[in-house]
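# Residue-level structural notes
Residues per chain are reported as follows:
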Amino acid sequence: MPPISLLTEQDAAHFLRRTAFGPTVDEIRALVGLPRAAVVELAVPLVAPPAPAFPVDRNRTDHWAMHTEVAGWWVNQMVTSPTPIVEHLALFWHNHFVSGVDKVEQMDVMWDQHVLFRTVGLGNFTELTKKVSLGGAMLRYLDNEVNRAGTVQENFGRELMELFTCGVGHYSEDDVLAMSRAWTGHGTVGWNGTKHDLTYRFRPEHHDHGDKTLFGITRNWDATATIDELCTGSKAIPTSKRIAKKLYEYFIRPNPTDATVSALAKVFRDSGLDMLTLVRAVLLHEDFWSLASRRTIVKHPVHYMADVLRLTSTSLEPGSMRWLMTPMGQVLFDPPDVSGWGDNDYWLSTATAWGRADFAQRIRWNLGDAGFLTAIEDRSLPADQAARTAFAEFGVLDPSVESITRVADQITLLRNKHSWAVRPNVFTLICVSPEVQVR
Amino acid sequence: MIERDRDDVMIDRWLRDDPEKVAAAHGPAGIHRRHFLQGALALGAASMIDMRWLTERAGAAPLAADDRIFVAIELTGGNDGLDTLIPTGTGRYHDLRKGLARKPGAGRPISPGWELHPAMKFVSEQYAAGNVAFVEGVGDSAGNRSHFVTMARVMSGEQTLPAAPTGWLGRYLDGVPGTVLSGINVDNGGIPLHMKGRSPRVTGLTFDKRMFGASTTNAPMAALNDAVLSQAQGPRTESAMDMARTVFGDSVSAARQIEPVYDVGETSSPMAHRMTLLANAINLDVGGRVLTTRLNGFDAHQSLIADHDRLMAELDAGLAAFFGKLDQRFADRVCVLVFSEFGRRVGANTSGGVDHGAGSTWFLVGNRVRGGRYGTPADMSRLDRQGDVKIDLDIRSVYASVLSTWLGADDREILGSSWDKLDLFADAAAPAPSRPPSSGGSTPTPAGNYVDALHLLFLHRSATADDVAKWTPAVKRGDRMAVTNALAVSDEWAGARVNELYRTVLGRDADARGRAHWVGIIAKGVQLEKVAADFYGSPEYFQHNGGTNETFVDSLYRNILGRASDRSGRKHWTSVVGTIGRTAVAASFYASIESRRSRVSALYQEILGRNPDAGGHRYWADALLHTGDVTLAAQLASSEEFYRRSQR
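Below or above, wherever it landed, is the structure these notes cover. The structure presented is a predicted model; accordingly, all values stated were derived computationally and were not measured.

### Overview of the packing of aromatic side chains
- Counted under the stated rule, the structure contains 41 aromatic pairs over all chains.
- Both rings, one in Phe15 of chain A and one in Trp289 of chain A, keep their centres 5.6 Å apart while their planes meet at 5 degrees; by these two values the pair is stacked. Linking Phe15 of chain A in helix H1 (residues 9–19) with Trp289 of chain A in helix H16 (residues 286–289), this pair joins segments that are 274 residues apart in sequence.
- Looking at Phe15 of chain A, the relative accessible area reads 2%, which means it is buried.
- Given the relative accessible area of 4%, Trp289 of chain A is considered buried.
- Centre to centre, the rings of Trp168 of chain B and Tyr399 of chain B are 3.8 Å apart; their planes meet at 10 degrees, and the pair counts as stacked. Placement of Trp168 of chain B in helix H8 (residues 168–174) and of Tyr399 of chain B in helix H14 (residues 395–406) is noted, with a sequence separation of 231 residues between them.
- Among the aromatic residues, those joined into a ring-pair cluster are Phe92, Trp93, Phe97, Phe125, Phe164, Tyr250, Phe251 and Phe268 of chain A.

### Side note on the sheet that holds strand E4 (residues 114–116) of chain B
- Here we have 3 strands laid out as an open sheet, ordered E2-E4-E3 (chain B), and antiparallel in their pairing. Since the sheet does not close on itself, it has two edges, and those belong to strand E2 (85–86) and strand E3 (108–111) of chain B, each with one partner.

### Section: the packing of helix H23 (residues 549–561) of chain B against helix H25 (residues 582–591) of chain B
Residues and elements named next belong to chain B.
- Here H23 crosses H25 at 30 degrees, and the two axes come no closer than 10 Å. Crossing geometry of H23 relative to H25 is assigned as right-handed. From H23, Phe552, Val553, Leu556, Tyr557, Ile560 and Leu561 reach across to H25, where they touch Arg582, Val585, Ala586, Phe589 and Tyr590.
- Partitioning the contact of H23 with H25 into residue classes produces 10 nonpolar, no polar and 1 charged.

### Considering the interface of chain B and chain A
- Contacts between chain B and chain A engage 50 residues on the former and 57 residues on the latter.
- Of the roughly 4300 Å² buried between chain B and chain A on both sides combined, carbon and sulfur atoms contribute 63%.
- A salt bridge links Glu154 of chain A to Arg345 of chain B; its shortest N-O distance comes to 3.5 Å.
- Here chain B and chain A share 11 residue pairs in polar contact (both at pLDDT 80 or more) between them.

### A closer look at the side chain of Ser397 of chain B
- The topology assignment puts Ser397 of chain B in helix H14.
- Discounting chain neighbours no more than four positions away, the residues touching Ser397 of chain B are Trp419, Asp420, Lys421 and Leu422 of chain B.

### Overview of the environment of Leu173 of chain B
Residues and elements named next belong to chain B.
- As for its position among the elements, Leu173 is in helix H8.
- Taking the C-alpha atoms as reference points, Leu173 and Gly183, 10 residues apart in sequence, are found 7.4 Å from one another.
- Excluding its chain neighbours within four sequence positions, the residues that come into contact with Leu173 are Ser182, Gly183, Arg201, Val202, Arg289 and Val290.

### Side note on the side chain of Ser538 of chain B
- Examined against the element boundaries, Ser538 of chain B turns out to sit in the loop between helix H21 (528–537) and helix H22 (539–544).
- With residues near it in sequence (within four places) discarded, Ser538 of chain B still touches Leu506 and Arg582 of chain B.

### Thoughts on the pairing of strand E10 (residues 360–365) of chain B
Residues and elements named next belong to chain B.
- For E10, the tally of buried residues reaches 6 of 6 residues, placing the bulk of the element in the interior.
- Judged by which residues are buried, E10 turns out to be covered on both faces: Ser360, Trp362 and Leu364 on one side and Thr361, Phe363 and Val365 on the other are all buried.
- Two strands pair when backbone bridges link them, and strand E5 (residues 132–139) and E10 are joined in this way by 6 bridges, in the antiparallel orientation. Each bridged residue has a counterpart across the sheet, and for Val135 the counterpart in E10 is Trp362.
- Summarising the sheet, strand E9 (residues 334–340) and E10 pair through 3 bridges and their orientation is antiparallel. Each bridged residue has a counterpart across the sheet, and for Leu337 the counterpart in E10 is Leu364.

### Quick word on the packing of helix H22 (residues 401–416) of chain A against helix H23 (residues 422–431) of chain A
Residue and element names in this part refer to chain A.
- Running from N to C, H22 and H23 point in directions that differ by 160 degrees, and their axes come no closer than 10 Å. In terms of their interaxial angle, H22 and H23 are classed as roughly antiparallel. When you trace H22 past H23, the crossing you get is right-handed. Across the interface between the two elements, Arg406, Val407, Gln410, Ile411, Leu414 and Arg415 from H22 touch Val422, Asn425, Val426, Leu429 and Ile430 from H23.
- Each residue belonging to the contact of H22 with H23 can be placed in one class, and the counts come to 7 nonpolar, 2 polar and 2 charged.

### A few points about the pattern of salt bridges
- For the structure shown, the criterion picks out 64 salt bridges over all chains.
- A salt bridge links Asp140 of chain B to Arg396 of chain B; the shortest N-O distance between them is 3.2 Å. Taken together, the positions of Asp140 of chain B in the loop between E5 and helix H7 (147–156) and Arg396 of chain B in helix H14 put the pair 256 residues apart, joining distant regions of the chain. The burial state of Asp140 of chain B is the same as that of Arg396 of chain B; both residues are buried.
- Put simply, Asp379 of chain B and Arg382 of chain B hold a salt bridge, and the shortest N to O gap is 3.5 Å.
- Judged by its relative accessible area of 30%, Asp379 of chain B falls in the partly exposed class.
- Through salt bridges that share partners, Glu154, Arg158 and Glu173 of chain A together with Arg145, Arg345, Asp384 and Asp388 of chain B make up one connected network.

### Observations concerning empty space enclosed by the protein
- Here the structure, examined in full by the defined rule, presents 6 cavities of 30 Å³ or more.
- Quantified by volume, the largest cavity comes out at close to 140 Å³.
- Surrounding the largest cavity, 15 residues form its lining, Arg17, Pro23, Lys299, Asp307 and Phe394 of chain A being those nearest its centre.
- Mapped by element, the contributors of at least two residues to the lining of the largest cavity are H1, helix H17 (301–311) and helix H24 (434–437) of chain A.
- Per-element accounting of the lining of the largest cavity gives the leading share, 3 residues, to H17 of chain A.
- Mapped by element, the contributors of at least two residues to the lining of the second largest cavity are E5 and E10 of chain B.
- Classifying every residue of the lining of the second largest cavity by side-chain character gives 6 nonpolar, 6 polar and 1 charged.

Cut-offs and rules
- Residues numbered from 1 in each chain as written.
- Chains lettered and ligands numbered in written order.
- Predicted model: local features only at pLDDT ≥ 70, side-chain atom pairs only at ≥ 80, totals over all residues.
- Heavy atoms only, no water.
- Phe/Tyr/Trp six-rings, centres within 6.5 Å; stacked < 30°, edge-to-face > 60°.
- Helix = DSSP H or I, 4+ residues; strand = E, 2+ residues; numbered from the N terminus.
- Buried < 20%, exposed > 50% of the residue type's maximum accessible area, 1.4 Å probe, protein only.
- Pairing = 2+ DSSP bridges.
- Axes fitted to C-alpha atoms, helices over the stretch in contact; angles between N-to-C directions.
- Left-handed = near helix turned anticlockwise from the far one by under 90°.
- Contact = heavy atoms within 4.5 Å.
- Nonpolar A, V, L, I, M, F, W, Y, C, P; charged D, E, K, R; others polar.
- Buried area = accessible area lost by both parts, 1.4 Å probe.
- Salt bridge = Lys/Arg side-chain N within 4 Å of Asp/Glu carboxyl O.
- Polar contact = N/O pair within 3.5 Å; in protein donor to acceptor, adjacent residues only side chain to side chain.
- Parallel < 35°, antiparallel > 145°, perpendicular 65-115°, else oblique.
- 1 Å grid on protein atoms, 1.4 Å probe; cavity = no way out; pocket = protein on both sides within 12 Å on 5 of 7 lines; lining within 4 Å.
- Points joined across faces, edges and corners; volume = space filled by probe spheres on them.

Put into structure tokens, the structure is as follows:
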């Protein structure tokens, strides 16, 4: 029996950087001294909370505006949610079972998929895969609505294996064809006289009822049976390992060892592919708490946005939110392609850095109401102490010497010039510091 | 003096952080320190402080006068090679593609039985000018049909699986002096895999102008920008913290330099806008060596025709905008590659689309590209198991050629192995730097410009320093005819024409013996039109064009007159093939007033960039029967009008 590990201030800050958004110093300190198991229980709900209602009127047809509003709603949800880990998991699934409003075009259908992520996404993986696959968003996004017997469309059949479950190396090109044949006829209602209705509909006349050889097994494969095969049949090991590795990399750090992944995957399989079991196993994993895992993951742009909005108690119009999100390279519900967004260095380029800095530049005019960073305007406070205070307001209790010096120099420079810009400049400078950009 | 003091303070502050740098700077004669200052001064005092971080990493500023520039355009989603360079003359293509096949004559003729996509006006003009190399049957020979796996492998250029985390262009940039502006990608701000290297060499620009950090004048903003810039100092490991810190510093450096590229003006399409940004970035001369962008939407599972028509028009407009905007001084130093991850299946699916395939067609455009067709044209009788065009040429052969011949780099080191090279560039024998330093040639003279233009016109290459020296006296005397006549009958000229005939008429490269034979014939004074008639009359051409008198006559209409046959003409010429012979029929086509009039127009366009006046048109259309095209070309090229054009 290992000794019970109690959280230090550093542990608590690390835990909240990974499982919440924009934690304050008070929230960090509230966890100090608690056992790991206790904070994990606090963070991870026992069951999925009920799904929120669609934030806009379902009868609207201005899908671009609806998209803008719902994307803004989600960032706001990250800021205010009492169970922020649900938002992290919804983001995780959004970036796994990728669909995009650019092709689906109907925001209400994108929302239906989103609801699956925040409900079934905290339940059984096999069930989630089935529900997403038969949802209107995916049927449209990967063209399965036009996959018919005799005119097979391979887009979905391929990605189901390559991206959603077992991954490359565990199927052949023949399997792609067989898989695609198995999914023929599983489409949508289509044009109903007023719109392209993306409600699921099975059309037996378009289904290939013949035998198909999938993974060496010949039978009349049909749609969801292939998902059982992928999740709990002959591909159970690669599939469970793939999800375990991806979740590890979302919450812990890149490049886990194969042994670690296999062990987590076994826990996952033993639970019958229960997601919350896997989430708890990841958060309690020794690697999660290891010093080597701290600040190893560049925040998604929306994570950075939500942090800053929460800390500064700022709310933005959805239109502004979208305008600021775009140059950072991440618009929710509109990923670049079916492989989704990347991680770490994927997010770091000159231009996305401009986008992240511009976001800070926009928010720095909203600081007045919240009183954020007012303490550093006291000229009697020595510059390096003022810099520490400022970082602490960002929930950063351990800034590097270089970062402190950079901010302190800025404070000194502007104080000497009697400039008005101490607060806004320090705000942006800390926003673009690695301490804020990396979790 | 004030600037210098400020700079010293900044350097000292920077040195304070790093004991190694302190040792270096306070070592013998403070070499490093002086070096920084010189680098900064060379770049202009206005932004001296900002440039220092760049020059420190760079050791070099803008490109040397002969450095080559490479542009790569990604067609995302798998471009249909068969609907790019289209085998309209192949029956099996029509059978398999069904309703998606393009009818003969629908596209722009390239060679017998092959047409370029109808929307590609600019590319077809460039091909006619010898500036386009099509690379056919190309692909990643170990790739699969997944977009992501294959694009990752295509971009990495290594044979490792999974793909290396760096790209072939990024690794090239790692090995040359540079800055964060050595590589420029225009898209949504990200950096595609092929541009990723191990050092900070690439800036991802958005197509709309969104840059933080450019200001150096507004006092509180400049102070903030300078502070963010200083994040570029310190170690650069691959840790998330180091990457996140330095990227912001680098972004301020880049913003301050790159700002002017966004002066684009009106453009005809989003792709034209992107390509204009790339041209501006080159014209700005801030050291951009590799520039990339992409055009998305090629995953034609549905509605191939409508989508591909739109995309090809976009691409063509983008290329035209790019070359239109490019400064003349870079014209011979830029080469553009258009590539994609794979081609598409030959057989149509029933959504009006085509699924993922294998071999595709890539192409390169540029003044120094050796125009023609490379690789293996899609062979409908030799498809792979899934019905895809075979990959007969690995992408790495293209990369090796670009790296070694165009960029003068070590292709083996960058690609991790050795690949056969293609002879894609017109001056393959003289890799960069192409012009001998003896040209003293940094200051072009009017006579030199003219001699250069004549070389490009007749020999499809730039003049060397020796060429300029040889012909300048005659040009200065006003005896331009002497120069044009000499160039227009040189063996080099004849060789270029023979190569052209092989490629356009027979669709293949000349073999050495055949080439020597025809150059000898031309040297004896036989008109080029007569030689061309021999090519069109050859059994090889006849076989390639259906092998019947009807198909032969149809092809002459298409290739010589650029139009479909009319009924009465077709009937007449088909009936006389048997009696006067194929060569005589081809010669008759050349001698027709229709052909002569269109050749006169074409030469006026090519040389003077305008249509002939009515009198000139009539006169030369008659004279062409006796004098031959080359005489007209020499006349036009010796005109005052062409001389003036050459000075632009």
